[in-house]
4 protein chains.
Amino acid sequence: MEYTESINGSDLDIIFVATPHGAAMKEVPVLLETGVKVIDMSGDYRLRDVSVYKKWYGHEHSDPGNLDDAVYGMPEFFRSEIKKADIVANPGCYATATILATAPLLISKAVKNDIIVDAKSGTSGAGMVPSPRTHHPFCGESIIPYSVGTHRHTPEMEFVLDAVSKSSPKILFTPHLLPIVRGILSTCYMTFDLEMTDEDVERIYRDQYGKEPFVRFVDEPSVRSVVCSNHCQIGAKAFGEKVVVFGAIDNLVKGASGQAVQCANLMLGLKETSGLEVPGMGV
Amino acid sequence: MEYTESINGSDLDIIFVATPHGAAMKEVPVLLETGVKVIDMSGDYRLRDVSVYKKWYGHEHSDPGNLDDAVYGMPEFFRSEIKKADIVANPGCYATATILATAPLLISKAVKNDIIVDAKSGTSGAGMVPSPRTHHPFCGESIIPYSVGTHRHTPEMEFVLDAVSKSSPKILFTPHLLPIVRGILSTCYMTFDLEMTDEDVERIYRDQYGKEPFVRFVDEPSVRSVVCSNHCQIGAKAFGEKVVVFGAIDNLVKGASGQAVQCANLMLGLKETSGLEVPGMGV
Amino acid sequence: MEYTESINGSDLDIIFVATPHGAAMKEVPVLLETGVKVIDMSGDYRLRDVSVYKKWYGHEHSDPGNLDDAVYGMPEFFRSEIKKADIVANPGCYATATILATAPLLISKAVKNDIIVDAKSGTSGAGMVPSPRTHHPFCGESIIPYSVGTHRHTPEMEFVLDAVSKSSPKILFTPHLLPIVRGILSTCYMTFDLEMTDEDVERIYRDQYGKEPFVRFVDEPSVRSVVCSNHCQIGAKAFGEKVVVFGAIDNLVKGASGQAVQCANLMLGLKETSGLEVPGMGV
Amino acid sequence: MEYTESINGSDLDIIFVATPHGAAMKEVPVLLETGVKVIDMSGDYRLRDVSVYKKWYGHEHSDPGNLDDAVYGMPEFFRSEIKKADIVANPGCYATATILATAPLLISKAVKNDIIVDAKSGTSGAGMVPSPRTHHPFCGESIIPYSVGTHRHTPEMEFVLDAVSKSSPKILFTPHLLPIVRGILSTCYMTFDLEMTDEDVERIYRDQYGKEPFVRFVDEPSVRSVVCSNHCQIGAKAFGEKVVVFGAIDNLVKGASGQAVQCANLMLGLKETSGLEVPGMGV
């Protein structure tokens with residue numbers, strides 16, 4: 001890793017590490033040694049518990065020390081920690097949509113800890129490498145459930161939601177591949193612990209996100225409205241003792257590089273929205 | 001309605017009534033008077049209880065007598081009744097996918113009566129009339145939840161599932177509009193009342209549908225596999241006390257005209273699969 | 001190639017060879033030796049001239065003898081030859097749409113030999129193997145011109161059109177990849193040599209194809225109308241000295257296996273339309 | 001039109017008129033009277049000849065005086081005129097892609113005046129009002145030629161190309177509706193009058209557009225690369241005496257509001273690229 005020589009003594013402030021899972025935890029400690037700040041795009045620094053990491057990623061974690069220091073890069077819940085962090089774990093795309101959609105009700109103790117997440121993602125979530133599942137003749141004009149109950153964002157959601165709400169959430173997560181390129185819609189089903197109306201629910205979300213630059217509670221959330229932007233749209237509807245909450249993001253922006261830039265702005269003392277004030281594709 | 005004159009004394013055996021809700025219940029009694037058999041494609045004869053009908057369709061039912069005699073046109077559960085019926089109510093598209101996916105577990109008393117149905121439909125489900133929601137620039141490259149908890153197929157699913165399982169099911173139904181033309185995937189979440197493995201679940205479905213010509217339990221159900229055919233694919237996966245069941249159909253075939261032809265074959269003493277032995281679009 | 005032993009003495013009538021270009025010309029002679037009839041799906045037997053083959057496919061042709069005997073499997077122009085053939089070269093997908101669209105005007109000497117073909121194909125034309133071009137995040141929501149002027153169907157179209165019209169056609173062929181799974185639209189531009197109205201043009205097509213089971217001249221051809229069927233729709237419009245002709249097929253049916261079955265029916269003395277009487281996806 | 005009262009004496013600099021064809025020419029003269037500058041998004045001020053206007057739009061032009069003064073809002077060819085204009089006619093979407101793609105070869109006298117334009121547009125080009133053609137179940141998974149040879153952008157292209165090249169071009173224009181939301185690819189076929197290589201062609205385009213902020217000559221132009229941006233990608237390939245030129249834009253940006261903002265920047269003495277420095281959806 002000779003490139004660290006050129007980092008030492010350079011005026012680099014921050015590095016975005018975009019390697020596969022497993023590779024990042026080899027690079028990150030070397031980079032941190034040089035004194036540069038790091039935002040890691042992989043899953044390597046998102047879970048705190050090395051045994052959970054091993055269970056879901058299939059190998060030991062080789063950098064538990066920095067894992068302890070890593071901050072989860074979701075400004076809506078960890079803004080002050082991100083500002084001071086040397087190493088930030090950028091959230092997963094499904095996790096971003098789902099945590100933003102469900103955390104406020106968990107934090108307010110309005111719902112039980114049992115959550116069903118039925119999520120739908122565009123194909124760009126699968127990455128740049130062609131595969132049978134993202135081969136257009138296979139995924140076009142269809143919708144395909146996959147990794148049912150076994151997707152790695154499950155422990156990430158549970159860990160982070162517990163960190164912010166102390167509610168020990170249990171998530172049943174079913175991702176589906178949509179025949180669109182960009183965008184995630186996470187449809188989340190929860191059960192009330194308190195009696196709540198739609199208005200009560202809306203108030204919780206507006207209280208939580210009212211000052212956030214990139215999260216909006218709306219009547220009719222849709223993927224199209226947020227694609228190409230760093231925005232997250234959230235909508236909710238109560239039905240007796242159940243509530244459905246929708247979270248919509250662009251998986252490549254708020255669910256990846258956009259959120260990373262938002263974190264970098266915070267880490268470097270820049271304006272949080274710098275470079276992110278793009279309205280998106282809109283209608 | 002002078003066309004009944006040409007029906008009287010003709011050799012017509014059966015009529016498919018494809019009118020909007022509300023119009024069908026005006027036509028059907030006149031047609032039945034002529035002695036012809038009727039399959040109604042609308043929602044007018046799917047619910048038995050006129051007060052439930054009024055609540056969800058917004059007007060009184062004007063033909064309660066024939067409503068009492070109408071048989072729900074799902075051969076998998078009402079084959080012998082369909083054979084003898086004069087009036088068959090052809091099932092709704094979402095209802096078909098969802099009932100076929102959930103009934104076996106309810107019948108076997110393996111699950112509680114609380115069901116979450118997260119369904120995704122192609123745009124052809126919205127009919128022939130252009131509307132803002134099906135305008136391509138609006139629905140393309142997006143996924144849009146709509147009629148959350150208020151869709152008319154909710155009471156239809158509850159009524160029919162109760163008729164076949166005596167389980168008083170309560171359904172929270174969230175339909176989503178997909179940017180594909182044909183196909184429905186209904187993702188259904190239930191809670192076990194018994195301890196069950198994936199194998200136990202599979203056995204229940206194979207016992208229920210093993211001899212059915214158009215319902216198959218598969219490992220990886222997908223919309224593409226059934227589009228253009230009368231087939232329904234079902235898949236299931238158990239997670240602790242929860243189970244996810246998928247039902248995939250072509251909303252225009254098994255979810256509409258194909259199922260109607262299947263019923264007509266039964267009502268007329270023809271081979272049940274006549275005209276329906278098309279493999280579909282496949283992979 | 002020991003499988004030929006099991007063919008010898010068997011009651012096999014016909015074999016469809018579906019191998020890559022280059023592999024087929026190794027298999028076909030061995031199969032023909034056994035006395036079985038062969039339909040080859042590759043490009044190996046579509047061109048008569050071995051030097052043209054070498055130029056476009058990049059290697060020598062190793063079976064020039066059978067190449068001489070091979071019949072081009074397009075029943076609309078070679079029906080009687082196909083009936084008697086032992087080896088049929090099944091046409092390419094682009095070639096099928098384009099030849100059916102342009103041959104009648106060339107045969108009738110109504111147009112010059114200079115043809116521009118602007119063709120658009122669904123992604124299934126690229127085959128089963130995932131590649132960067134058919135990776136959904138790349139080809140979705142786009143249209144991509146490729147192999148401009150260098151596609152191998154160019155000499156195939158020129159050779160076959162010359163065989164049926166003796167007009168020495170020169171084709172400039174520009175294929176485009178569409179973000180749909182199935183279907184080809186070939187938009188063909190020609191220059192009149194005679195003065196012609198739309199009615200004159202239509203008469204030429206109706207005279208040519210009036211009795212064909214799978215080719216229809218229509219006002220508004222579209223891909224959707226023919227997908228999942230063996231039909232070809234053709235439309236045309238004259239503008240002064242130019243004429244635009246559209247040919248629409250399902251690349252996987254009339255442009256591949258459907259046409260092969262049509263040929264097999266002819267070769268085996270079966271009804272030409274057997275197994276092919278499927279209406280397609282329609283509107 | 002009482003709103004002009006509030007314009008009089010206000011500090012409004014410029015008004016974008018976005019009304020249907022026919023309505024704009026009623027509004028524009030009233031607005032110009034107030035001294036404000038106007039950019040008209042409709043087709044009303046794009047053609048200079050009132051008889052051509054009447055032929056293609058079906059009614060008389062009621063404002064021929066301002067029509068004489070209107071400048072065609074394509075900065076690449078009318079930058080200095082736009083800077084001084086009071087009334088700018090914003091170009092049509094198809095016209096933008098096609099003129100940018102073909103003008104350089106016409107200007108350089110490298111090609112004959114006979115041009116075939118095979119264009120493909122996303123559905124947003126059809127506007128906000130739902131119609132049968134843009135109903136998703138009709139246009140999804142298909143490609144539909146329409147208005148063959150009768151589209152109103154034909155005289156616009158011919159008029160503007162003649163204005164810039166004095167070549168009396170004759171265009172055969174065939175638009176197709178693509179099942180994507182945004183983007184136009186215009187595939188243009190021309191015949192050389194001079195002998196030219198690919199390098200010669202490329203040099204002509206680089207000379208013409210080398211300093212343009214929004215037009216790029218590239219090897220592989222695609223719609224995806226320009227969607228959500230004000231960029232135009234152009235590619236070209238020579239084949240003997242023919243040449244194919246591709247022009248790709250986002251019909252809603254460079255083909256509509258983006259180009260209008262570019263003109264407004266010029267008319268108001270602002271930086272030409274203000275508000276338009278968005279990279280687009282990219283890969």
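### Side note on the overall build of chain A
Part 1: The helix and strand inventory of chain A stands at eleven helices and eleven strands.
Part 2: The globule rule puts the C-alpha radius of gyration for 283 residues at 19 Å, and the 19 Å found for chain A is close to it.
Part 3: Seen along its three principal axes, the alpha-carbon backbone of chain A occupies a region of about 60 × 45 × 40 Å.
Part 4: Relative to its full complement of 283 residues, chain A shows a buried share of 60%.
Part 5: Taking all contacts inside chain A whose residues are at least 6 apart in sequence as the whole, residues at least 24 apart take part in 68%.
Part 6: Only carbon and sulfur atoms are counted for the fraction: they give 51% of the accessible area of chain A, which is about 10,700 Å².
Part 7: Each charge sign in chain A was given a centre, from 26 positive and 36 negative side chains, and these centres are 3 Å apart.

### Concerning the interface of chain B and chain A
Part 1: Between chain B and chain A, the contact holds 36 residues from the first and 36 residues from the second.
Part 2: Here chain B meets chain A over a buried area of about 3,200 Å², counting both sides, of which 67% is carbon and sulfur.
Part 3: Of all residues in chain B, Glu141, Tyr189 and Arg224 of chain B give up the largest surface area on contact with chain A, accounting jointly for 19% of the area buried on that side.
Part 4: Joining chain B to chain A, the criterion identifies four salt bridges.
Part 5: Every element with two or more residues in the side of chain B that touches chain A is listed here: strand S5 (114-121), helix H7 (136-139), strand S7 (170-177), strand S8 (184-191), helix H10 (223-226), strand S10 (232-239) and strand S11 (242-249) of chain B.
Part 6: Sort the elements by how many residues they give to the side of chain B that touches chain A and S5 of chain B lands first, with five residues.
Part 7: A breakdown of the residues in the side of chain B that touches chain A according to their chemical character gives 20 nonpolar, seven polar and nine charged.

### What about the interface of chain D and chain A?
Part 1: Every contact between the two is made by eight residues of chain D and, on the other side, eight residues of chain A.
Part 2: Buried surface at the junction of chain D and chain A, summed over both partners, amounts to about 760 Å²; 72% is from carbon and sulfur atoms.
Part 3: It is Glu141, Arg182 and Met281 of chain D in chain D that bury the most area against chain A; as a group they hold 48% of the surface buried on that side.
Part 4: Where chain D touches chain A, the interface holds zero residue pairs in polar contact (both at pLDDT 80 or more).
Part 5: Split by residue class, the side of chain D that touches chain A holds five nonpolar, no polar and three charged.

### Digging into the packing of aromatic side chains
Part 1: Applying the stated rule across the entire model yields 24 aromatic pairs over all chains.
Part 2: For the pair tyrosine 53 of chain D and tyrosine 57 of chain D, a centre-to-centre distance of 4.7 Å together with 10 degrees between the ring planes defines the contact as stacked. Taken together, the positions of tyrosine 53 of chain D and tyrosine 57 of chain D, both in helix H3 (residues 50-57) and four residues apart, correspond to about one turn of that helix. The pair tyrosine 53 of chain D / tyrosine 57 of chain D is uniform in exposure class, with both members buried.
Part 3: Through a chain of ring-to-ring contacts, the aromatic side chains of Phe77, Tyr205, Tyr209 and Phe217 of chain A assemble into a single cluster.

### A look at the environment of glycine 247 of chain B
All names here are of chain B.
Part 1: Tracing the chain through its elements places glycine 247 in strand S11.
Part 2: The buried category is assigned to glycine 247, whose relative accessible area is 0%.
Part 3: In the structure, glycine 247 is positioned twelve residues away from glycine 235 in sequence and 6.8 Å away in space, judged by C-alpha atoms.
Part 4: Not counting residues up to four positions away in its chain, the partners in contact with glycine 247 are Ala97, Ala101, Ile184, Leu185, Ser186, Gln233 and Ile234.

### Things to note about the pairing of strand S7 (residues 170-177) of chain D
The side chains of a regular strand alternate between both faces of the sheet.
Residue and element names in this part refer to chain D.
Part 1: S7 sits mainly inside the fold: seven of its eight residues count as buried.
Part 2: Looking at chain direction, strand S5 (residues 114-121) and S7 are connected through eight bridges and run parallel. Residue pairing for S7: aspartate 118 is matched across the bridge by threonine 174.
Part 3: One ladder, built from two bridges, connects strand S6 (residues 144-145) with S7; its direction is antiparallel. Of the residues in S7, the one forming a bridge with isoleucine 144 is leucine 177.

### Quick notes on the relation of the copies chain D and chain A
The two chain copies are connected by a rotation around an axis plus a translation along it.
Part 1: In screw terms, the move from chain D to chain A is a rotation of 180 degrees and a rise of 0.0 Å along the axis, fitting with an RMSD of 0.0 Å. The superposition operator between the copies reduces to a two-fold rotation axis.
Part 2: Here 88% of the interface residues in chain D have copies in chain A that are interface residues too; the copies meet face to matching face.

### A closer look at the relation of the copies chain B and chain A
Part 1: Rotating chain B by 180 degrees about the axis while translating it 0.0 Å along that axis superimposes it on chain A, leaving an RMSD of 0.0 Å.
Part 2: Interface overlap between copies is the fraction of interface residues in one copy that are interface residues in the other; for chain B against chain A it reaches 100%, indicating a shared surface.

### A closer look at empty space enclosed by the protein
Part 1: Enumeration according to the criterion identifies two cavities of 30 Å³ or more in this entry.
Part 2: Of the pockets and cavities examined, the largest cavity occupies roughly 230 Å³.
Part 3: In terms of lining residues, the largest cavity is bounded by 20 residues, among which Pro179 of chain A, Glu141 and Pro179 of chain B, Pro179 of chain C together with Pro179 of chain D are the most central.
Part 4: Residue classes in the lining of the largest cavity are distributed as eight nonpolar, eight polar and four charged.
Part 5: Taken as a whole, the second largest cavity encloses approximately 40 Å³ of empty space.
Part 6: As for the second largest cavity, its lining consists of Tyr45, Arg46, Arg48, Leu67, Ala70, Val71, Tyr72 and Phe159 of chain B.
Part 7: Broken down by class, the residue content of the lining of the second largest cavity amounts to six nonpolar, no polar and two charged.

Rules behind the numbers
Residues numbered from 1 in each chain as written. Chains lettered and ligands numbered in written order. Predicted model: local features only at pLDDT ≥ 70, side-chain atom pairs only at ≥ 80, totals over all residues. Heavy atoms only, no water. Helix = DSSP H or I, 4+ residues; strand = E, 2+ residues; numbered from the N terminus. Rg over C-alpha atoms; globule rule 2.2 N^0.38 Å. Buried < 20%, exposed > 50% of the residue type's maximum accessible area, 1.4 Å probe, protein only. Contact = heavy atoms within 4.5 Å. Areas by Shrake-Rupley, 256 points an atom, 1.4 Å probe, with all protein chains shown as cover. Lys, Arg positive; Asp, Glu negative; His and termini not counted. Charge placed at Lys NZ, Arg CZ, Asp CG, Glu CD. Buried area = accessible area lost by both parts, 1.4 Å probe. Salt bridge = Lys/Arg side-chain N within 4 Å of Asp/Glu carboxyl O. Nonpolar A, V, L, I, M, F, W, Y, C, P; charged D, E, K, R; others polar. Polar contact = N/O pair within 3.5 Å; in protein donor to acceptor, adjacent residues only side chain to side chain. Phe/Tyr/Trp six-rings, centres within 6.5 Å; stacked < 30°, edge-to-face > 60°. Pairing = 2+ DSSP bridges. Least-squares fit on C-alpha atoms with pLDDT ≥ 70 in both. 1 Å grid on protein atoms, 1.4 Å probe; cavity = no way out; pocket = protein on both sides within 12 Å on 5 of 7 lines; lining within 4 Å. Points joined across faces, edges and corners; volume = space filled by probe spheres on them.

Any functional reading would require information that these geometric values do not contain.
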